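# A look at the structure
Residues per chain are reported as follows:
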Amino acid sequence: MPAFCSRREFIAGLALVASVPRAMAQAAPAYPTRPIQLIVPYPAGGAVDLTARLVAESLRQQFGQTVVVENRPGANGMVGAAGVARAAPDGYTLLMAPREVFGINPILLPQHALDWRKDFTYAGIVATGPYVLVVNPGLNVKTLAELVALARTRELAYASFGKGSMAHLNIEALCRGFGLKMTHVPYRGAPPAVMAVATGEVALTIATPPAALSLMQDGRVRAIAVGGAKRLPQLPDVPTTTELGVAGDPLISNYFGLAAPAGTPAAIIDKLAAETARALASPDASAKLQANGLIPASGSPKAMTDSVAGDIEHFGRLIRELDIKIE
């Protein structure tokens, strides 16, 4: 074998050797290397807040980095969501938000809302939560049929989490299905909306179980129906809208999804999705979610992207049919 090489081979060899340290210098450090901020665009105490804190603690254990949950309520979730959309797409500012932030706001608030295609990269749906229809016990109604009968004799007021929120749209759809008219009273988030029912400021609302369970247990609100086809283990005696024969199931379940600013590297999104799914697969995390009426989802980035696209179509049609507008 000859002990020499051609000039071309020699130059190629030098280039290869020189590229090694350059590639090593350019290689990004393993994510994450510093604390992560997880924004929740609603007040503390609701279902999305509970889910975010559970995920944050699980990610902290897996990543070895602090994950700080920060509540930034306002404008039906838009304040917190906008802050994340404007953040650097480096995986250190994330958004945990309910369905309405991604699939309702872009339709309801086109002049202000963020663009669901251009402003976010989706990491996956973390959990789903069926809504529970709760009423003030002073109404003396124990079933949906009795509530409908009462609402036909006088106009009731209901609470929502804000104009155009899931509670607003679902209850308006329920009213339309039964030919009812009710007065809408918006509140800033689910906990104050449920508390308004407990104090008698309004007659009813819907909420995910974490926002209402303690008041149910204290007898300050009464659950009369659950959205979907399956009863909740925590409320085995409360029938579902499917059982009650409600057409179209107007109490559409909520979900809580994890998103990052658009442009966040796919490797980071995939790692977040994988680690979140691993966290939710643990018996402890799953039990904590289910104890609060939530169902672990661990959806993929693509599944969440497809879900948001479907919501834009579905809720857009509902908003137009109900003629809901925000000035």
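Please refer to the structure placed before this passage.
Residues numbered from 1 in each chain as written. Predicted model: local features only at pLDDT ≥ 70, side-chain atom pairs only at ≥ 80, totals over all residues. Heavy atoms only, no water.

Strand order in the open sheet formed by six strands is 2-1-3-10-4-11, and the pairing between neighbours is mixed. Of all strands in the sheet, those bounded by a partner on one side alone are strand 2 (67-71) and strand 11 (295-296). Alignment of strand 1 (residues 36-40) against strand 2, held across five bridges, turns out to be parallel. Looking across to strand 2, one finds that isoleucine 36 is bridged to valine 67. Helix-sheet contacts for helix 2 (residues 47-63) involve strand 1, strand 2, strand 3 (93-98), strand 4 (120-129) and strand 10 (254-261), and the interaxial angle to strand 2 is about 165°. (Pairing = 2+ DSSP bridges. Helix = DSSP H or I, 4+ residues; strand = E, 2+ residues; numbered from the N terminus. Contact = heavy atoms within 4.5 Å. Axes fitted to C-alpha atoms, helices over the stretch in contact; angles between N-to-C directions.)

Now for the pairing of strand 8 (residues 204-207). Strand residues, when the strand is regular, have side chains that alternate between the two faces of the sheet. Side chains Leu204 and Ile206 project from strand 8 onto one buried face, and the interleaved Thr205 and Ala207 project onto a second face that is buried too. When strand 5 (residues 132-135) meets strand 8, the two strands line up antiparallel, connected through four bridges. Residue leucine 133 lies in a different strand from strand 8, and its bridge partner there is isoleucine 206. (Buried < 20%, exposed > 50% of the residue type's maximum accessible area, 1.4 Å probe, protein only.)

Turning our attention to empty space enclosed by the protein. Throughout the structure, instances matching the rule amount to three cavities of 30 Å³ or more. What lines the largest cavity is a set of 16 residues, among which Ala47, Val48, Phe161, Ala190 and Asn254 lie closest to the centre. Looking at the lining of the largest cavity, the elements that each hand over two or more residues are helix 2, helix 8 (190-199) and strand 10. The residue makeup of the lining of the largest cavity, split by class, is 11 nonpolar, four polar and one charged. The calculated volume of the second largest cavity comes to roughly 90 Å³. Looking at the second largest cavity, it is lined by 12 residues, and the ones nearest its centre are Ala81, Val101, Asn105, Leu114 and Phe120. Elements that contribute at least two residues to the lining of the second largest cavity include exactly helix 3 (78-85), helix 4 (99-103) and helix 5 (105-108). Residue contributions to the lining of the second largest cavity peak at three residues, all from helix 3. Taken together, the residues of the lining of the second largest cavity break down into 10 nonpolar, one polar and one charged. (1 Å grid on protein atoms, 1.4 Å probe; cavity = no way out; pocket = protein on both sides within 12 Å on 5 of 7 lines; lining within 4 Å. Points joined across faces, edges and corners; volume = space filled by probe spheres on them. Nonpolar A, V, L, I, M, F, W, Y, C, P; charged D, E, K, R; others polar.)

Distances and angles like these do not, on their own, reveal function.
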